[in-house]
Amino acid sequence: MAHLIDGKMLSAQIRDEVKAAVALRSASGKRAPYLAVVLIGEDPASASYVKGKAKASTEVGIDSDTMTYDASISEAEVLDIIERLNQDESVDGILVQLPLPAHIDEQKVIHAISPAKDVDCFHPESVGNLVIGLDGFQPATPAGIVEMLKRTGIETSGKHCVIIGRSNIVGKPLANLMLKKGIDATVTVCHSRTSNLAEIARQADILVAAIGRPNFVTKDMVKPGAVVIDVGINRVDDESRERGYRLVGDVDFEAASTLASHITPVPGGVGPMTIAVLLQNTLKAAK
Ligand code: L34
């Protein structure tokens, strides 16, 4: 049976580290780091993630404000809000929770955020720095995954990391992070059009599933002894739960955990790590 990588526990370690650093700053007279979160529309999952971010911020001594807007807000208004946050010296980090309503151009909004406040690492300048290997903000979910591997003592150097999913928030930045000097993995990125996906996945020492489809990763895709990282957070109907649904990842957890050496659960895996890295980035932005 695979060893369970406990994202809740590891994220608590990181949160404690951020908390200590924030306390040290305030002891030297500096104000608390400040994170501005923009939430547009009523997507229940987004609302839940943003709530988690606000709560975690408070716990470590980071001030945050969640600014919520109706889904009907215009793109111009959103750009105005971002410009005000860019100019506001009391704001260290700006995060616009994705996805946005269809009438708002996501890339335009991301581009408007000052790179100095881009705690998501989504701005083209931040992404460029990541690709080149320069220091800067870390993409939260990918860096959360790397932290899980490091803190679990999993070797990445020379290992074959197969990523299933090519999104701008997970697949692409994770590929770049895993390639970085010091992490040194060999990376393959698969996606919905990949031929022989199972065959490629089976070659992975580290298999990362980020496609957003429940049970996409089946037993035949997992090499015995592989490390399996499940980024998916899917809501599936479940009458037996009070909320009417339960969360499942992209991996057939039962089957994969009979083969994997390590596996992450959903919930309690990558999700909490994403939030922990966001706090690290906000602290960095304040510095
Ligand atoms: N701008 N948009 C922006 N930045 C981000 O970093 C995100 N992401 C992704 C979606 N859109 C974004 C998040 O915040 C995904 N994501 C995220 C953050 C936290 C959690 C999941 C996804 C999380 O805390 N998950 C919990 C369960 C939460 C629940 O019960 O709903 C977990 O244990 O996995």
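Residues numbered from 1 in each chain as written. Predicted model: local features only at pLDDT ≥ 70, side-chain atom pairs only at ≥ 80, totals over all residues. Heavy atoms only, no water.

Colleague: Just to check I follow, could you spell out empty space enclosed by the protein for this structure?
Modeller: Gaps between atoms show up when a probe of the same size as a water molecule is rolled over them. Scanning the entire structure with this criterion turns up 1 cavity of 30 Å³ or more. If you add up the space inside the largest cavity, you get close to 50 Å³. Forming the boundary of the largest cavity are Asn129, Leu130, Gly133, Leu134, Asp135, Gly136, Phe137, Gln138 and Lys180. When the residues that make up the lining of the largest cavity are grouped by side-chain class, the tally is 3 nonpolar, 4 polar and 2 charged. (1 Å grid on protein atoms, 1.4 Å probe; cavity = no way out; pocket = protein on both sides within 12 Å on 5 of 7 lines; lining within 4 Å. Points joined across faces, edges and corners; volume = space filled by probe spheres on them. Nonpolar A, V, L, I, M, F, W, Y, C, P; charged D, E, K, R; others polar.)

Colleague: Before we go on, may I ask you to explain the nonpolar core in this structure?
Modeller: Nonpolar side chains tend toward joint burial in soluble globular proteins. Counting residues in each nonpolar core, the largest one holds 48 residues, and the members touching the most others are Met178, Val208 and Ile229. At 9 residues, the largest contribution of residues to this core is made by helix α10 (residues 270-286). Leaving out residues up to four positions away in the same chain, Met178 has contacts with Val146, Leu149, Thr156, Cys161, Ile183, Asp184, Ala185, Val187 and Ile206. (Core = buried A, V, L, I, M, F, W, Y, C linked by side-chain atoms within 4.5 Å. Buried < 20%, exposed > 50% of the residue type's maximum accessible area, 1.4 Å probe, protein only. Helix = DSSP H or I, 4+ residues; strand = E, 2+ residues; numbered from the N terminus. Contact = heavy atoms within 4.5 Å.)

Colleague: Can you walk me through the packing of helix α1 (residues 7-27) against helix α2 (residues 44-60) in this structure?
Modeller: How two helices sit against one another is set out by the angle between their axes and by the gap between those axes. Contact geometry for α1 and α2: axes closest at 8 Å, N-to-C directions at 50°. Taken together, the axes of α1 and α2 are oblique relative to one another. Contacts from Arg15, Val18, Lys19 and Val22 in α1 reach Ala56, Glu59 and Val60 in α2. Residues that form the contact of α1 with α2 fall into these classes: 4 nonpolar, no polar and 3 charged. (Axes fitted to C-alpha atoms, helices over the stretch in contact; angles between N-to-C directions. Parallel < 35°, antiparallel > 145°, perpendicular 65-115°, else oblique.)

Colleague: Help me understand the site of the ligand in this model?
Modeller: Around the ligand lies a shell of 18 residues, among which Ser48, Lys53, Val96, Asp120 and Gly268 are the nearest. Note that a nitrogen atom of the ligand is positioned 2.7 Å from one of the side-chain N or O atoms of Asp120. In isolation the ligand exposes 680 Å². Once the protein is present, 84% of that is buried. Sorting the residues of the shell around the ligand by element identifies α2 and α10 as the ones contributing at least two each. For the shell around the ligand, the element with the most residues is α10, which contributes 4 residues. Here the residues of the shell around the ligand sort into 10 nonpolar, 5 polar and 3 charged. (Near = heavy atom within 4 Å. Polar contact = N/O pair within 3.5 Å; in protein donor to acceptor, adjacent residues only side chain to side chain. Areas by Shrake-Rupley, 256 points an atom, 1.4 Å probe, with all protein chains shown as cover.)

Colleague: Got a minute to help me understand the environment of Ser157 in this structure?
Modeller: In this fold, Ser157 is placed in the loop between α6 (140-151) and β5 (160-164). Along the backbone, Ser157 and Ala276 are 119 residues apart, and their C-alpha atoms lie at a distance of 24 Å. Excluding residues that lie within four positions of it along the chain, Ser157 makes contacts with Ile183 and Asp184.

Colleague: Looking at this structure, I do not really get the pattern of salt bridges. What am I missing?
Modeller: Two side chains bearing opposite charge may form a pair once their charged atoms approach each other closely. Within this structure, the stated rule accounts for 8 salt bridges. Residues Arg151 and Glu17 are paired through a salt bridge, measuring 2.9 Å at the closest nitrogen-oxygen approach. With a gap of 134 residues between them, Arg151 in helix α6 and Glu17 in helix α1 connect regions that are remote in the sequence. With a relative accessible area of 28%, Arg151 lands in the partly exposed category. Under the relative-accessibility criterion, Glu17 is labelled partly exposed at 41%. Via salt bridges that share partners, Glu17, Glu147 and Arg151 belong to a single interconnected network. (Salt bridge = Lys/Arg side-chain N within 4 Å of Asp/Glu carboxyl O.)

Colleague: Got a minute to help me understand the side chain of His123 in this structure?
Modeller: Structurally, His123 can be placed in the loop between α4 (106-112) and α5 (124-132). Residue classification places His123 among the buried positions, given a relative accessible area of 7%. Looking at His123, its side chain comes within polar contact range of the main-chain nitrogen of Glu125, at 2.9 Å.

Colleague: Explain the sheet that holds strand β6 (residues 186-190) here, please?
Modeller: Strand order in this open sheet of 6 strands is β1-β11-β8-β7-β5-β6, and the pairing throughout is parallel. Sheet topology places β1 (3-4) and β6 at the edges, where each strand pairs with a single neighbour. The sheet contact formed by β1 and strand β11 (residues 262-263) spans 2 bridges and is parallel. Bridge assignment links His3 to a residue of β11, and that residue is His262. (Pairing = 2+ DSSP bridges.)

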